[in-house]
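# A structural walkthrough
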Amino acid sequence: MCLVTIAYNNDQLISKQIEMVKKHVKDPHYQLLIVDNSTDKTKRKKIQDVCSHHQIEYISIPFTFRQKVCKLFKWGGMSHGLALNWSFYHVIYHKRPKYFALLDHDIFPINDCNLTERLSGLDFFGVRRERDKYWYLWPGWSLFNFDAIVDRHPNFQPHFTKTTYLDSGGGNYFKIYQNYAINTIPFPNVKTHRLKKTEGLWTWNDVYHSDCIQFIDDSWLHVINGSNYCHFAGKDDMVRKIINNIHLFERE
């Protein structure tokens, strides 16, 4: 099992994730890789130092023209998709693990778990996204059987249809998921909770990214929008408090 985390401008999240993965991931054979998609050079250095300290493999994505355009126009989903595709075709493809997991940097195991056992017998497993008639796995927490998908040439980029926008991972509907009947696929339990009531939020998307956390598969905590790329007031402080008190979410 190869766990691949896409880092983005936050060394504290990476440090805590490494700590929690070492504590709670119980797969007998796994490797954690940090693939850095940060736009801030100082943050890249800090994330690299964290990985070096914990003896975790660190891989820096080249900051290409396409990523600069994504940063300029604040296309976070597009930048994330580019990073995922780069990670698959430049890292995972050459390592050729039996299984691999894609993780966001703001998601942490809070109870003991075995991802290899969770995926056993399946081609993929993860958090479902549904948009109009399309569905796909959110690549912030998704598990894959490498051999089952490699020949389908995965595309983790967002995808625009005539009627809707499929965010990161959406391009895989056409590469992978449309070949499966959704009612035959198991998905993990996901519970979303709002922690506070920030003023001036008008849409559910704003509420989701500002005030919410998620519990995934009863074992993982997702601190939604951990990097606060949307720049919501109070979000950075909320994230720090959760990281510093993450033991409160762990099962006794």
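In case you missed it, the structure is sitting above this.
First, a word on scope: everything that follows refers to the structure included in this document. Here, residues in each chain are numbered from 1, in the same order as that chain's written sequence. Totals for whole chains, interfaces and linings use all residues, but because this is a predicted model, local features are given only for residues with pLDDT of at least 70 and pairs of side-chain atoms are given and counted only at 80 or more. In computing side-chain properties, one takes all heavy atoms of the structure into account and sets aside hydrogens as well as water.

## Structural notes on the environment of Val239
Where we set the bar: Numbering of helices and strands runs from the N terminus, with a helix taken as a DSSP run of H or I at least four residues long and a strand as a DSSP run of E at least two residues long.
Examined against the element boundaries, Val239 turns out to sit in helix α9 (residues 235–244). Separated by 23 residues in sequence, Val239 and Ile216 have C-alpha atoms that sit 18 Å apart.

## Points about the sheet that holds strand β11 (residues 212–216)
Formally: Pairs of strands are assigned from DSSP output, requiring at least two bridges between the strands. Axis angles are defined between N-to-C directions and span 0 to 180 degrees, where every axis is a line fitted to C-alpha atoms and, for a helix, only to the segment in contact. Whether two residues are in contact is decided by their heavy atoms: any pair within 4.5 Å suffices.
With antiparallel pairing, the four strands of this open sheet are ordered in space as β5-β12-β11-β10. Edge positions in the open sheet fall to β5 (107–109) and β10 (190–194), since each of these has one partner strand only. Direction aside, neighbouring strands of the sheet carry axes that sit 20° apart on average. Each of β11 and β12 (220–223) is contacted by α9, which is oriented at about 35° to β11, the strand it contacts most.

## Topic: the environment of Lys43
Spelled out, the test is: The rule is simple: take the accessible area with a 1.4 Å probe, protein chains only, and divide by the maximum for that residue type; under 20% is buried, over 50% is exposed, in between is partly exposed. Any pair of nitrogen or oxygen atoms within 3.5 Å is treated as a polar contact; in protein, a donor-acceptor pairing is required on top of that, and neighbouring residues in sequence qualify only through side-chain atoms on both sides.
Tracing the chain through its elements places Lys43 in helix α2 (residues 41–54). Using a relative accessible area of 25% as the deciding quantity, one classes Lys43 as partly exposed. Lys43 sits 84 residues away from Val127 along the chain, and the two C-alpha atoms are 28 Å apart. Engagement of the side chain of Lys43 in a polar contact is seen with the side chain of Asp11, the distance being 3.5 Å.

## Brief notes about the packing of helix α1 (residues 11–24) against α9
Quick note on the threshold: Should an angle fall under 35 degrees it is called roughly parallel, over 145 degrees roughly antiparallel, and 65 to 115 degrees roughly perpendicular, with every other angle called oblique. Left-handed describes a crossing in which the near helix is turned anticlockwise from the far one by less than a right angle; the clockwise case is right-handed.
At their nearest, the axes of α1 and α9 sit 11 Å apart, and the two run at 20° to each other. Classified by the angle between their axes, α1 and α9 sit roughly parallel to one another. The chirality of how α1 crosses α9 is left-handed. Contact with α1, carried on its side by Gln12, Leu13 and Lys16, involves Val239, Arg240 and Ile243 of α9 and no other residues of that element.

## Remarks on the side chain of Asn228
Along the chain, Asn228 falls in the loop between β12 and α9. Polar contacts involving the side chain of Asn228 include one to the side chain of Asp236, which spans 3.3 Å. Leaving out residues up to four positions away in the same chain, Asn228 has contacts with Lys235 and Asp236.

## Points about the pattern of salt bridges
Worth spelling out the cut-off: We define a salt bridge as a contact between a side-chain nitrogen of Lys or Arg and a carboxyl oxygen of Asp or Glu at a distance within 4 Å.
Counted according to the given criterion, the structure contains ten salt bridges. Residue Asp49 pairs with Lys45 through a salt bridge whose shortest N-O separation is 2.9 Å. Taken together, the residues Asp49 and Lys45, both in helix α2 and four residues apart, mark about one turn of the helix. Here Asp49 falls in the partly exposed class, since its relative accessible area comes to 37%. In this structure Lys45 comes out as partly exposed when scored by relative accessible area, which is 45%.

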